[in-house]
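# Descriptive analysis of the structure
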Amino acid sequence: MAKAACITGVTGQDGSFLAELLLAKGYTVYGLVRRLSSPNVANIRHLMDQVQLLDGDMTDQSSILTALKESRPDEIYNLAAQSFVQTSFRQPVLTADVDGLGLVRLLEAAKEVVHDARIYQASTSELFGLVKESPQNENTPFHPRSPYGVAKLFAYWACVNYREAYGMHVSNGILFNHESERRGLEFLTRKVTHGVAMIAKGKAKHIELGNLDAKRDWGYAPEYVDAMWRMLQQPKPDDYVIATGESHTVREFVKLAFREVGIKDWEKHVRTDAKHLRPAEVYTLCGDASKARRVLGWEAKTKLPELVKIMVEADLERVGG
Ligand code: NAP
Ligand code: F7E
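Residues numbered from 1 in each chain as written. Chains lettered and ligands numbered in written order. Predicted model: local features only at pLDDT ≥ 70, side-chain atom pairs only at ≥ 80, totals over all residues. Heavy atoms only, no water.

### So, the site of ligand 1
Around ligand 1, the surrounding shell holds 25 residues, and the nearest of these are Thr-11, Arg-34, Asn-40, Ser-83 and Tyr-148. Between ligand 1 and Asp-14, the relevant distance is 2.8 Å, taken from an oxygen atom to a main-chain nitrogen or oxygen of the residue. The contact in question runs from an oxygen atom of ligand 1 to an N or O atom on the backbone of Ala-81, over 3.1 Å. In the complex, 90% of the free accessible area of ligand 1, which totals 910 Å², lies under the protein chains. Only helix 1 (13-24), strand 5 (118-124) and helix 5 (147-166) provide two or more residues apiece to the shell around ligand 1. Broken down by element, the residue count for the shell around ligand 1 peaks at 3 residues, all from strand 5. In terms of residue class, the shell around ligand 1 is built from 10 nonpolar, 10 polar and 5 charged. (Near = heavy atom within 4 Å. Polar contact = N/O pair within 3.5 Å; in protein donor to acceptor, adjacent residues only side chain to side chain. Areas by Shrake-Rupley, 256 points an atom, 1.4 Å probe, with all protein chains shown as cover. Helix = DSSP H or I, 4+ residues; strand = E, 2+ residues; numbered from the N terminus. Nonpolar A, V, L, I, M, F, W, Y, C, P; charged D, E, K, R; others polar.)

Here it is, written out as structure tokens:
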């Protein structure tokens, strides 16, 4: 019989790629979707007749319980989150509710309805925050720097606790930044590739950014959802860092994106404004994914120049159209 999977956050960047991956593997795929006045289904429009959507919200316990009763999943992927770090400073309580307590609501519902389901939690390199060593691995101490990071830290430990207390198969994927043509426009990479496409097409003159010196380990999202699936195929639950192992500055990303459209004097098109700075910044991140390589057979393939090319080309097509 086909396995069933339930994805929270199915309309997001990762949720849509993961749904594609699981459908290709023959899973019956359910997706938890919250009610919005204007439905946000752009990322899964092409999958609407294949994914079974369940009404629910991570802040509402009963809807999560009902969704699990209806879907009876073998695997649960908790990707739902208020995932924008900048917003978490303005909406710390909402972020804690969705990203922190939401996970506990899900674990409680799973404990009651599908105790043996395998559960993936979308943990994050933001747990490392003010990094204590470089590169970061599964044993690096945490020091989150935002309400988002703090909420995700609570969720991380809740997963470890449900594993130890109730023997549940719960794994944390500590994923470093991963991007794609489906990334939200507010995140640095998409803001830049979309902005560059607008400038190349003569529809804008500038991009306005914050800290150009921040460093990130940026990978390609479709490869990262494959790592999520691999974690849940392991006999025992565990925690894994997923990253490329390369770290680049925002400035380097911007330069590469402008190079894709043949603009060399990129500084002329970039302005900085303090409103894009964060009250506490994560200055640098670089992941060591050797455990994932050893245990899961997973490795990042797409490096930064190729990632930038994919995203700029997609935005040129969108903006041109
Ligand atoms: P995303 O594009 O922002 O997607 C977030 C998803 O969560 C959307 O489907 C959103 O639904 C849903 N959601 C938000 N609030 C909800 C609520 N109250 N109830 C139910 N659903 C809700 O994020 P992503 O980049 O795909 O990331 C997926 C997960 O991985 C997130 O948990 C993120 O924090 C984590 N993560 C991401 C990265 C990265 O670099 N992308 C790295 C590490 C960890 P709407 O469409 O209705 O808004
Ligand atoms: O910022 C700097 C900014 O918002 C990247 C989320 O998926 O990855 C993501 O969090 C860097 C930061 O992502 C602008 O200060 C400069 O240093 O794209 P971002 P993030 O904060 O790293 C982690 C792993 C997650 O888990 C999160 O969910 O770029 N930066 N100027 C800027 N960032 C933005 N957004 N906009 C700017 O204008």
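### Considerations on the pairing of strand 6 (residues 169-175)
Counted residue by residue, strand 6 has 7 buried out of 7 residues, so it is predominantly covered. Neither face of strand 6 is exposed, since His-169, Ser-171, Gly-173 and Leu-175 on one face and Val-170, Asn-172 and Ile-174 on the opposite face are all buried. Relative to strand 6, strand 5 is paired through 7 bridges, and the arrangement is parallel. Looking at the pairing, Arg-118 lines up with His-169 of strand 6. On the question of chirality, the crossover connecting strand 5 to the parallel strand 6 by way of helix 5 is right-handed. Bridge count between strand 6 and strand 11 (residues 239-242): 4 bridges; the pairing is parallel. Its bridge partner lying in strand 11, Gly-173 is registered against Tyr-240. (Buried < 20%, exposed > 50% of the residue type's maximum accessible area, 1.4 Å probe, protein only. Pairing = 2+ DSSP bridges. Right-handed = clockwise from strand over helix to strand, strands pointing away.)

### Considering the nonpolar core
Within the largest apolar cluster, 36 residues are counted, with the highest numbers of intra-cluster contacts made by Ile-7, Leu-18, Leu-22, Tyr-77, Tyr-120, Ile-242 and Trp-298. For this core, the element with the highest residue contribution is helix 7 (residues 221-232), accounting for 8 residues. Excluding its chain neighbours within four sequence positions, the residues that come into contact with Trp-298 are Glu-223, Tyr-224, Asp-226, Ala-227, Arg-230, Ile-242, Ala-243, Ala-289, Ala-292 and Arg-293. Core analysis: the second largest hydrophobic core is formed by 29 residues, Ala-4, Leu-65, Leu-68 and Ala-109 among them. (Core = buried A, V, L, I, M, F, W, Y, C linked by side-chain atoms within 4.5 Å. Contact = heavy atoms within 4.5 Å.)

### Considering the environment of Pro-135
Looking at the secondary structure, you find Pro-135 in the loop between strand 5 and helix 5. Here the alpha-carbon distance between Pro-135 and Glu-246, two residues 111 residues apart in the chain, equals 9.1 Å. Contact partners of Pro-135, with chain neighbours within four places excluded, come to Thr-140, Cys-286, Gly-287 and Asp-288.

### Re the site of ligand 2
Close to ligand 2 lie 23 residues; Ser-83, Thr-124, Tyr-148, Lys-191 and Arg-278 are nearest. Within the contact set of ligand 2, an oxygen atom lies 2.7 Å away from a side-chain nitrogen or oxygen of Lys-191. Among the secondary structure elements, those contributing two or more residues to the shell around ligand 2 are helix 6 (188-200) and strand 8 (207-209). Looking at the shell around ligand 2 residue by residue, the classes come out as 8 nonpolar, 7 polar and 8 charged. Two domains each provide a minimum of three residues to the shell around ligand 2, namely domain 1 (4-178 + 221-242) and domain 2 (184-216 + 247-285 + 303-319). (Domains from an automatic or database assignment.)

### Observations regarding the domain arrangement of the chain
Domain assignment breaks the chain into domain 1 (4-178 + 221-242) and domain 2 (184-216 + 247-285 + 303-319). Each of domain 1 and domain 2 has a C-alpha centre, and these two points are 27 Å apart. A buried area of about 1,300 Å², summed over both sides, lies between domain 1 and domain 2, and 60% of it is on carbon and sulfur atoms. Summed over the three residues of domain 1 that lose the most area to domain 2, namely Phe-84, Gln-86 and Arg-145, the buried surface amounts to 42% of that side. At the boundary of domain 1 and domain 2, one finds 1 salt bridge. The salt bridge partner of Glu-126 is Arg-216, with a shortest N-O separation of 4.0 Å. (Buried area = accessible area lost by both parts, 1.4 Å probe. Salt bridge = Lys/Arg side-chain N within 4 Å of Asp/Glu carboxyl O.)

### A word on the sheet that holds strand 3 (residues 52-55)
Read from one edge of the open sheet, 7 strands run 3-2-1-4-5-6-11, paired in parallel fashion. Only two strands of the sheet have a single partner each, and these edge strands are strand 3 and strand 11. If you compare each strand with its neighbour and ignore which way they point, the axes differ by 20° on average. Sheet strands in contact with helix 2 (residues 61-71) are strand 1 (4-8), strand 2 (28-33), strand 3 and strand 4 (75-78), and its direction is about 150° off that of strand 3. Here helix 5 sits on the sheet and contacts strand 5, strand 6 and strand 11; the angle it forms with strand 6, its principal contact strand, is near 150°. (Axes fitted to C-alpha atoms, helices over the stretch in contact; angles between N-to-C directions.)

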